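Descriptive structure summary
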Amino acid sequence: MKERISTLLKREPQAEFVVAEGWVRTKRDSKNVCFLEVNDGSCLKGLQVVIDKEQLSDASILNEITTGCSVICKGPIVSSAGGNQAVEMATTDVQVVGPCPVDTYPLQKKRHSIEYLREIAHLRARTNLFGAVARVRNTLSYAVHTFFQEHGFSYVNTPIIGASDCEGAGEQFLVTTLDLDNIPRNEQGQIDYSKDFFGRQAFLTVSGQLEGETYAMALKNIYTFGPTFRAENSNTKRHLSEFWMVEPEMAFCTLEGNMEVAEAFLKYLFKTVLEECAEDMAFFSKFVQSGVQETLKAIVETPFAHLTYTEAIEELSKHNDTFEFPVSWGSDLQSEHEKFLTEVVCKRPVIVTDYPKEIKAFYMKLNEDGKTVRGMDVLVPRLGEIIGGSERESDLATLTKRMEELGLNLDDYWWYLDLRRFGTVPHAGFGLGFERLVQYVTGIANIRDVIPYPRAPKLADF
Ligand code: 4AD
Ligand code: MG
């Protein structure tokens, strides 16, 4: 396989010719030489290619080389006289593969705003910032698999199209096979969904958890990692309509084991990215979020804080005058409260547990008080909720009762209830929002900038 530029940059000077392929980021001319920075996305800084103008067989090529064009350069790796890099390529052999007209190329040499770059999502990965985000995202994806594979979890692929609503929040996108020009309606004029999706109603999944649980009841420890969809009309910096979620599920596991795994998992991810993406992380520290590396390093070395929901409300209600939404027992925690708990009360990540059952999903295990459930949210400074999870209700009668209270149709969940009929066991799991993770690690303010093509209520053309 051909070498990437990141590998060439680590070479000792050598006479042997090597090949560098990539896109020109910058071009600087002096009298006898022309300097190019050629980048192939393998690292932040490209390879400096120095063209000896006098030795070129055809000097007209120099006019063809512009920012954004694609090139193949061949030559030896030599020590660099400039202070910015240890080595560079000396060449007289440059081929322009695809030219790039300067006047219409949307990426100019100047620094562009992040909002402008969002409008050209098909080109933004060619910038330093979005190249770094893509590499960090890639490293984190791989680390997710490594962590679970090394701890004996099996990777399970759960469906994208399904009939049940895991979170019960009614935030599902409908998948339809209906002929939109000829929608079947009942006598009241309502759409007849019985004819939808080849004869039944179907949705895009909001979570792989319920199906994940069925495999945990056979393989003990599993995880999913796939796209999930939420039709909530949230125009915030931390919500997307389509996001990736990592969902481990563990049989013979209670809330305590679940919290332990969540903390170890996050710390592993932070540590990996600090070690393997040091150059990109230094870039984020410099240009995006000052001190982000130190913050992550401190988190890796310190135990997370723990609060019950009731304790969290006690703390928060002392400061109700400072909140847009004052809290009392029973309130759902908003982003401002999550920030307060992590940044002011605990000054580190905190795991909040035992929420009122009314504000959590039907599947969470009921505590003996009959009022709270064994749910947990992991909150981090600056961002708020990064993980949501729980111990699951494993008792058939209690689960059925709760589902009836919430008006869920038990017939739709017969297969899920079977898990409690046949060899039930305490089990627990959680969901990590993958984009929230990338957002947190990079310090990028808006979640739309950490996924290649963000899907949010105001959809772009891509
Ligand atoms: O808290 P949530 O809704 O939990 C679940 O879906 C459970 N079924 C997970 C489980 O126990 N297996 O979502 C989990 C995480 C959140 O903590 C958040 O990080 C992320 O998913 N998330 C979103 N990320 C981006 N955009 C959205 N609209 C999100 N909604 C949730
Ligand atoms: Mg949640």
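These figures come from a predicted structure and were not determined experimentally.

1. Focus on the sheet that holds strand β8 (residues 161-162)
Across the sheet, which stays open at both edges, the three strands sit in the order β8-β10-β9 with antiparallel pairing between neighbours. The sheet is open, and its two edges are formed by β8 and β9 (174-175), each paired on a single side. Taken together, the two bridges between β9 and strand β10 (residues 202-204) define a ladder with antiparallel strand orientation. Directly across from V175, in β10, lies its bridge partner A202.

2. Thoughts on the site of ligand 1
In the vicinity of ligand 1 lie 22 residues, with S207, Q209, G388, G431 and G433 positioned nearest. Elements with a contribution of two residues or more to the shell around ligand 1: β12 (242-251), β16 (384-391), β17 (427-433) and α13 (434-442). Counting residues per element, the shell around ligand 1 draws most heavily on β16, which supplies six residues. When its residues are assigned to classes, the shell around ligand 1 shows seven nonpolar, nine polar and six charged.

3. Here's the deal with the domain arrangement of the protein chain
Interface size is commonly expressed as the accessible surface area that is lost when the partners come together. Taken as a whole, the protein chain is organised into domain 1 (5-98), domain 2 (124-171 + 206-449) and domain 3 (175-200). Here the C-alpha centroids of domain 1 and domain 2 sit 45 Å apart.

4. Focus on the environment of I444
By the secondary structure assignment, I444 is in the segment after α13. For I444, a count of 24 C-beta atoms within 10 Å corresponds to the buried category. Along the sequence, I444 and F287 sit 157 residues apart, while their C-alpha atoms lie 9.9 Å from each other. Other than its neighbours up to four places away in sequence, I444 contacts V133, V288, Q439, D449 and V450.

5. What about helix α10 (residues 335-345)?
Of the residues making up α10, those classed as buried are H337, E338, F340, L341 and T342. Of the surrounding elements, those touching the buried residues of α10 are β13 (305-308), α9 (309-317), β14 (350-356), β15 (372-380) and β16. Looking one or two residues past α10, K347 carries a phi angle of roughly 55 degrees, positive in sign.

6. Quick notes on the pairing of strand β2 (residues 33-39)
Bridging between strand β1 (residues 14-29) and β2 involves six bridges; their strand directions are antiparallel. Note on β2: the bridge partner recorded for D29 is C34. Where β1 folds back on β2, the antiparallel hairpin that results is connected by three residues. As paired elements, β2 and strand β3 (residues 47-52) share six bridges and run antiparallel to each other. Across the sheet, F35 pairs through a bridge with V50, a residue of β3.

7. Structural notes on the nonpolar core
Core analysis: the largest hydrophobic core is formed by 75 residues, its most contacted members being V378, L437 and V441. The residues contacting V441, other than those within four sequence positions of it, are V136, L140, F270, V273 and L296.

8. Concerning the sheet that holds strand β7 (residues 154-155)
The strand order across the open sheet built from eight strands is β7-β11-β12-β17-β16-β15-β14-β13, with neighbouring strands paired in mixed fashion. The open sheet is flanked by β7 and β13, the only strands paired with a single partner. With nine bridges connecting them, strand β11 (residues 221-229) and β12 associate as antiparallel partners. By the bridge assignment, F225 is partnered in β12 with V246.

9. Comments concerning the packing of helix α4 (residues 128-150) against helix α7 (residues 278-287)
Their axes nearest at 10 Å, the elements α4 and α7 cross at an angle of 130 degrees. Classified by the interaxial angle, the pair formed by α4 and α7 is oblique. Of the two possible hands of crossing, α4 and α7 adopt the one that is left-handed. Contacts from N128, A132, R135 and V136 in α4 reach D280, F283 and F284 in α7. The class makeup of the residues in the contact of α4 with α7 is four nonpolar, one polar and two charged.

What counts and what doesn't
- Sequence order as written defines residue numbering, which begins from 1 separately in each chain.
- Written order decides the labels, with chains lettered from A and ligands numbered from 1.
- Given that the model is predicted, a residue must reach a pLDDT of at least 70 before its local features are reported, and side-chain atom pairs must reach 80 or more before they are shown or counted; all residues, however, enter totals for whole chains, interfaces and linings.
- Any two strands are treated as partners once DSSP identifies two or more bridges connecting them.
- Helix numbers and strand numbers start at the N terminus; a helix is a DSSP run of H or I with at least 4 residues, a strand a run of E with at least 2.
- Residues are classed as near a molecule or strand if the C-beta position derived from their backbone is within 6 Å of it.
- Classification convention: Asp, Glu, Lys, Arg as charged; Ala, Val, Leu, Ile, Met, Phe, Trp, Tyr, Cys, Pro as nonpolar; all other residues, Gly among them, as polar.
- Boundary definitions for the domains trace back to an automatic or database domain assignment.
- In this scheme every C-beta is placed from the backbone, and a residue whose C-beta has 20 or more other C-beta atoms within 10 Å is buried, one with 12 or fewer is exposed, and one in between is partly exposed.
- The contact criterion used is a C-beta to C-beta distance within 7 Å, with each C-beta placed from the backbone.
- Put simply, a nonpolar core is a cluster of buried Ala, Val, Leu, Ile, Met, Phe, Trp, Tyr and Cys residues tied together by C-beta atoms within 7 Å.
- All axes here are fitted lines through C-alpha atoms, helices being fitted over the stretch that makes contact, and every angle between N-to-C directions spans 0 to 180 degrees.
- Each angle gets one of four labels, with under 35 degrees taken as roughly parallel, over 145 as roughly antiparallel, 65 to 115 as roughly perpendicular, and the rest as oblique.
- Two helices crossing with the near one rotated counterclockwise from the far one by less than a right angle form a left-handed crossing, whereas a clockwise rotation gives a right-handed crossing.

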